[in-house]
Amino acid sequence: AMALPGQRSPWPERAVVIMLMGGQDFFRGDMGSEEYMRSAMSVVPATNVTTAMLYLPEMKHMPQQEVLEAALMPLILAALAWGYVPQEPPMNCFQEAIVRMRSGGWSGKLRFTAPTGGWQEIAFGPPLPDRPVKPMSPRPPPPRMPPPRCKIGNAVSVTPAEWAVGQ
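Note that the structure is a prediction, hence the values are computed from the model and not measured.

Thresholds, definitions, all that
Residues numbered from 1 in each chain as written. Predicted model: local features only at pLDDT ≥ 70, side-chain atom pairs only at ≥ 80, totals over all residues. Heavy atoms only, no water. Pairing = 2+ DSSP bridges. Helix = DSSP H or I, 4+ residues; strand = E, 2+ residues; numbered from the N terminus. Axes fitted to C-alpha atoms, helices over the stretch in contact; angles between N-to-C directions. Salt bridge = Lys/Arg side-chain N within 4 Å of Asp/Glu carboxyl O. Buried < 20%, exposed > 50% of the residue type's maximum accessible area, 1.4 Å probe, protein only. Core = buried A, V, L, I, M, F, W, Y, C linked by side-chain atoms within 4.5 Å. Expected span 1.5 Å × (residues − 1). Bend = angle between axes of the 7 residues up to and from the residue. Contact = heavy atoms within 4.5 Å. 1 Å grid on protein atoms, 1.4 Å probe; cavity = no way out; pocket = protein on both sides within 12 Å on 5 of 7 lines; lining within 4 Å. Points joined across faces, edges and corners; volume = space filled by probe spheres on them. Nonpolar A, V, L, I, M, F, W, Y, C, P; charged D, E, K, R; others polar.

### So, the sheet that holds strand S4 (residues 119–124)
Turning to step 1, where the next piece is worked out: Read from one edge of the open sheet, four strands run S1-S2-S3-S4, paired in mixed fashion. Edge positions in the sheet fall to strand S1 (17–24) and S4, since each of these pairs with one other strand and no more. Averaged over all adjacent pairs, the angle separating strand axes in this sheet is 20°, with direction ignored.
Turning to step 2, where the next piece is worked out: The pairing of S1 with strand S2 (residues 51–60) spans seven bridges and is classified as parallel. Across the sheet, residue methionine 21 finds its bridge partner in S2, namely tyrosine 55.

### Things to note about the pattern of salt bridges
Two side chains bearing opposite charge may form a pair once their charged atoms approach each other closely.
Turning to step 1, where the next piece is worked out: Per the stated rule, a full pass over the model turns up five salt bridges.
Turning to step 2, where the next piece is worked out: Here lysine 109 makes a salt bridge to glutamate 34, at a shortest N to O gap of 3.4 Å. With lysine 109 in strand S3 (residues 108–113) and glutamate 34 in helix H1 (residues 33–41), this pair connects stretches of sequence that are 75 residues apart.
Turning to step 3, where the next piece is worked out: Under the relative-accessibility criterion, glutamate 34 is labelled partly exposed at 28%.
Turning to step 4, where the next piece is worked out: Put simply, arginine 111 and glutamate 121 hold a salt bridge, and the shortest N to O gap is 2.5 Å. With arginine 111 in strand S3 and glutamate 121 in strand S4, the pair connects residues that are ten residues apart, well separated along the chain.
Turning to step 5, where the next piece is worked out: According to the relative accessible area criterion, arginine 111 is buried, its value standing at 7%.
Turning to step 6, where the next piece is worked out: Glutamate 121 sits in the partly exposed class, given a relative accessible area of 41%.
Turning to step 7, where the next piece is worked out: Among the charged side chains, a salt-bridge network with shared partners connects Glu34, Arg38, Lys109, Arg111 and Glu121.

### So, the nonpolar core
Turning to step 1, where the next piece is worked out: Core analysis: the largest hydrophobic core is formed by 20 residues, its most contacted members being Leu54, Leu56, Phe94, Met101, Leu110 and Phe112.
Turning to step 2, where the next piece is worked out: Looking at this core, the elements with two or more residues in it are S2, helix H2 (65–84), helix H3 (91–103), S3 and S4.
Turning to step 3, where the next piece is worked out: Considering each element in turn, this core owes the most residues, six residues, to H2.
Turning to step 4, where the next piece is worked out: Met31, Val44, Met53 and Tyr55 belong to the second-largest nonpolar core, a separate cluster that totals nine residues.

### Notes on H2
Turning to step 1, where the next piece is worked out: Here H2 is 20 residues long and its end C-alpha atoms lie 29 Å apart, about the 28 Å a rise of 1.5 Å per residue gives.
Turning to step 2, where the next piece is worked out: At alanine 71, H2 shows its largest bend, some 40°, and a proline, proline 74, comes one to four positions later.
Turning to step 3, where the next piece is worked out: Those residues of H2 that sit buried are Val67, Ala70, Ala71, Pro74, Leu75, Ala78 and Trp82.
Turning to step 4, where the next piece is worked out: Among the structural elements, S1, S2, H3 and S3 are those in contact with the buried residues of H2.

### So, empty space enclosed by the protein
Turning to step 1, where the next piece is worked out: Tallied over the full model, the rule gives one cavity of 30 Å³ or more.
Turning to step 2, where the next piece is worked out: Space inside the largest cavity adds up to approximately 30 Å³.
Turning to step 3, where the next piece is worked out: Lining the largest cavity are Gln24, Arg28, Ser33, Tyr55, Pro57, Glu58, Pro129, Asp130 and Arg131.
Turning to step 4, where the next piece is worked out: With three residues, the single largest contributor to the lining of the largest cavity is S2.
Turning to step 5, where the next piece is worked out: The residue makeup of the lining of the largest cavity, split by class, is three nonpolar, two polar and four charged.

### A few points about the environment of phenylalanine 124
Turning to step 1, where the next piece is worked out: In this fold, phenylalanine 124 is placed in strand S4.
Turning to step 2, where the next piece is worked out: With 22 residues separating them along the chain, phenylalanine 124 and arginine 102 place their C-alpha atoms 6.7 Å apart.
Turning to step 3, where the next piece is worked out: Not counting residues up to four positions away in its chain, the partners in contact with phenylalanine 124 are Leu54, Leu56, Ile98, Met101, Arg102, Trp106, Ser107, Gly108, Lys109 and Leu110.

### Re the pairing of S2
Turning to step 1, where the next piece is worked out: Judged by how many residues are buried, S2 sits mostly within the fold: eight of ten residues are covered.
Turning to step 2, where the next piece is worked out: Taken together, the four bridges between S2 and S3 define a ladder with antiparallel strand orientation. Paired with methionine 53 across the strands is arginine 111, a residue of S3.

Okay, structure coming up:
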């Protein structure tokens, strides 16, 4: 789904995967919201029945505290329940996450693999316009490291704590 360097790993076929995806995440790049979600969905094998993606258009790369407070516990419970019964999506947990997100003023989409194949979607909150991702703020270059105070090869020795305490 993302153009990351290195070899692509296959999507886990049987593992429970619940992704929290932000619409303001720099991984989205220049893709529109729908294209971004479809790109992520395209790497999930058709036989996988335990993958969900909660997409929040206004969420950044690092989820805001309010998002985690609202959604984390229901999504963890969803993952645990889905692991016990892979053929039954944990709808009660999904609904709880959606209710909490909506009551916090968030909009989004929850897409999950269905036991009959394909994807199902639950949209919540008012629809939001598809905004482009804000560019990351420029960071100043890191400060130069000062030269070492000791000559190279004169490292301070490290004594194991168990030995030091026993002496």
